[in-house]
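Observations on the model geometry
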Amino acid sequence: MVAKYFTRAIFVVFTISILGLTGCAQPIEPWVKPYERQHLADPIMRTNRHPIANMHVAHVYEARESARGTDGTGGGGCGCN
Amino acid sequence: MEQAEVVVAVINSTMSILVLFIWFLFSISTYAAVLEKDRADVLYHSYDGGGMKIDGPAILLRKKASESVALSAYYYVDTISSASVDVMSTASPYSEERIEGQLGIEYLHDKTMMAMSVRQSDEDDYLAKSVNFNISQDTFGDLTNLSLGIAFSDNKIRRNGDDLFAEESQQYRIRAGISQILTKDLIIALNVESVADEGYLNNPYRTVRYIDTSVPAGVGYQSEVYPNTRNSFSTKLSASYYLPYRAALFLQYRYFSDSWQIDANDIELSYRHPFGKTVELELKVRYYQQSQASFYSDLFPYQDAQNFLARDKELSDFDDITLGVGVTYLIPKQFSISDWHSEASIQWDYITFNYNNFKDPTAEAAVGEEPLYGFSTHVIRAFFSVYF
């Protein structure tokens with residue numbers, strides 16, 4: 001069971017790495033130029049606009065719900081339930 | 001295969017991937033990224049609901065030591081006063097304090113960001129120490145960001161009032177992500193994370209209940225028994241969209257499954273809208289749903305009914321809905337200290353939990369005939385941020 005979960009994780013990690021490696025070798029040009037990114041650079045678009053608040057939100061959900069992972073925090077335990 | 005061997009194999013594989021990744025990243029850089037601004041945040045948080053009141057302060061500091069190195073420190077306190085439904089059915093209300101600290105370092109080389117942090121969370125009966133490593137890289141004309149990370153946590157568990165009780169557990173995490181700019185207004189991201197726990201995973205105080213016809217109350221209690229391992233996999237898809245009138249829309253969906261047969265889904269939509277140059281409003285709605293663990297039961301038919309026993313409501317079948325609102329005030333420069341940009345924010349979340357197979361044992365009813373449990377909670381964060 002443990003091997004199954006980790007095999008899956010490593011497969012995804014490899015796939016993403018390979019996609020990144022091969023993506024750079026493709027002749028596709030980046031289609032959004034640096035000077036076209038003023039909207040994306042606007043502070044209101046930042047998902048981590050309030051990092052200290054995001055850490056608390058993740059902590060509350062992790063203590064009250066079973067799901068964990070991909071919440072933007074590094075993890076680490078506590079006896080919080 | 002033994003779990004220890006699997007873990008060693010995983011760490012070896014991960015290190016090999018990281019070495020390959022780092023070598024590749026350093027070989028393709030064309031121009032550099034920059035570290036984020038220095039900032040300090042001071043926060044007061046409060047959670048009030050379901051018989052629990054938790055509040056306290058938190059501080060986050062982040063400072064560049066050079067153009068390529070940034071240091072961070074985080075300090076967080078939970079002051080807990082609990083009379084939750086678990087506590088009221090078999091024990092007495094209690095209060096305790098949890099202190100968490102984190103130190104981090106980030107190193108930027110061209111477009112490669114490496115971050116490492118150490119963390120400690122300390123309570124009377126639980127000490128967790130962890131280390132976390134992440135690496136990320138901008139690539140493809142900076143339209144794509146790739147990230148990888150690993151973490152390890154070592155936990156020591158004690159039981160108040162029982163000096164002989166000493167257990168431990170370990171947690172291993174591995175994660176990867178890709179973030180892609182799709183248009184000049186849209187970014188999407190895919191993140192995955194696998195978490196493996198081994199050791200003592202119970203709550204040392206919690207009991208399960210079973211039908212016991214030999215006592216007048218008709219119900220008996222015994223300690224929970226959990227498996228010694230838990231492995232989970234989580235996938236999150238998220239999107240950030242810039243609306244034409246300067247506002248932002250965020251959508252995220254996460255799917256989670258684990259070896260205890262818990263499947264969970266959550267979806268969150270949030271919206272950020274500025275008013276003039278000084279106010280930002282944030283609205284959020286989130287729905288979460290999970291199935292119960294294979295060894296969970298609200299009421300077991302008899303004592304030692306199965307090898308593993310749980311009656312933790314967080315392992316039961318339930319859903320919750322969050323409604324949130326937040327306001328940030330961008331303090332005008334003439335009121336700022338040393339021309340530092342500063343902001344004051346307050347966020348309020350209202351969360352409603354509905355349990356589908358966890359009955360309220362404090363209700364006046366026959367055993368097993370109690371109404372289903374549910375509660376609502378108010379979560380407040382008030383914080384002040386300074387960029388210097």
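Bear in mind the structure is a predicted one, so any value in this text is a computation, not a measurement. (Residues numbered from 1 in each chain as written. Chains lettered and ligands numbered in written order. Predicted model: local features only at pLDDT ≥ 70, side-chain atom pairs only at ≥ 80, totals over all residues.)

Let's shift gears to the overall build of chain B. The secondary structure content of chain B amounts to two helices and 18 strands. Principal-axis analysis of the C-alpha atoms gives chain B an extent of 75 × 50 × 40 Å. Out of the 388 residues in chain B, the part that is buried amounts to 33%. Look at the contacts in chain B between residues 6 or more apart in sequence, and 56% of them connect residues 24 or more apart. (Helix = DSSP H or I, 4+ residues; strand = E, 2+ residues; numbered from the N terminus. Buried ≥ 20, exposed ≤ 12 C-beta atoms within 10 Å, placed from the backbone. Contact = placed C-beta atoms within 7 Å.)

To continue, consider the overall build of chain A. Each helix and strand in chain A was counted, giving three helices and zero strands. Ordering the α and β elements of chain A from the N terminus gives α-α-α. In chain A, which comprises 81 residues, the proportion classed as buried is 40%.

Side chains of nonpolar character tend, in soluble globular proteins, to be buried together. Formed by 15 residues in total, the largest nonpolar core has its most connected members in Ile262, Ala264, Ala293, Phe295, Tyr296, Ala310 and Leu315 of chain B. When neighbours within four sequence positions are excluded, Ala264 of chain B is seen to be in contact with Glu65, Ser66 and Ala67 of chain A together with Phe256, Tyr288, Gln289 and Gln290 of chain B. (Core = buried A, V, L, I, M, F, W, Y, C linked by C-beta atoms within 7 Å.)

It is worth spelling out the environment of Arg39 of chain B at this point. All names here are of chain B. Structurally, Arg39 is set in strand β1 (residues 39-49). Taking C-alpha positions, Arg39 is 8.1 Å from Leu60, a pair spaced 21 residues apart along the chain. Discounting residues that sit within four places of it in the chain, Arg39 has contacts with Arg62, Ser385, Val386 and Tyr387.

Moving on: helix α3 (residues 51-64) of chain A. An ideal rise of 1.5 Å per residue puts 20 Å on 14 residues; α3 of chain A measures up with 20 Å between its terminal C-alpha atoms. Considered for burial, the residues of α3 of chain A that qualify are Pro51, Ile52, Ala53, Met55, His56, Val57, His59, Glu62 and Arg64 of chain A. Where α3 of chain A is buried, its residues meet β1, β2 (52-64), β17 (341-359) and β18 (372-387) of chain B. (Expected span 1.5 Å × (residues − 1).)

Residue and element names in this part refer to chain B. Per-residue pLDDT for chain B has a mean of 91; in total, 92% of the residues score no lower than 70. A low-confidence stretch, residues 24-31 stays under pLDDT 50, and its non-local contacts, those more than four residues away or across chains, total nine contacts. Predicted as a complex, the structure gets a pTM of 0.88 and an ipTM equal to 0.91. (pLDDT = per-residue confidence, 0-100.)

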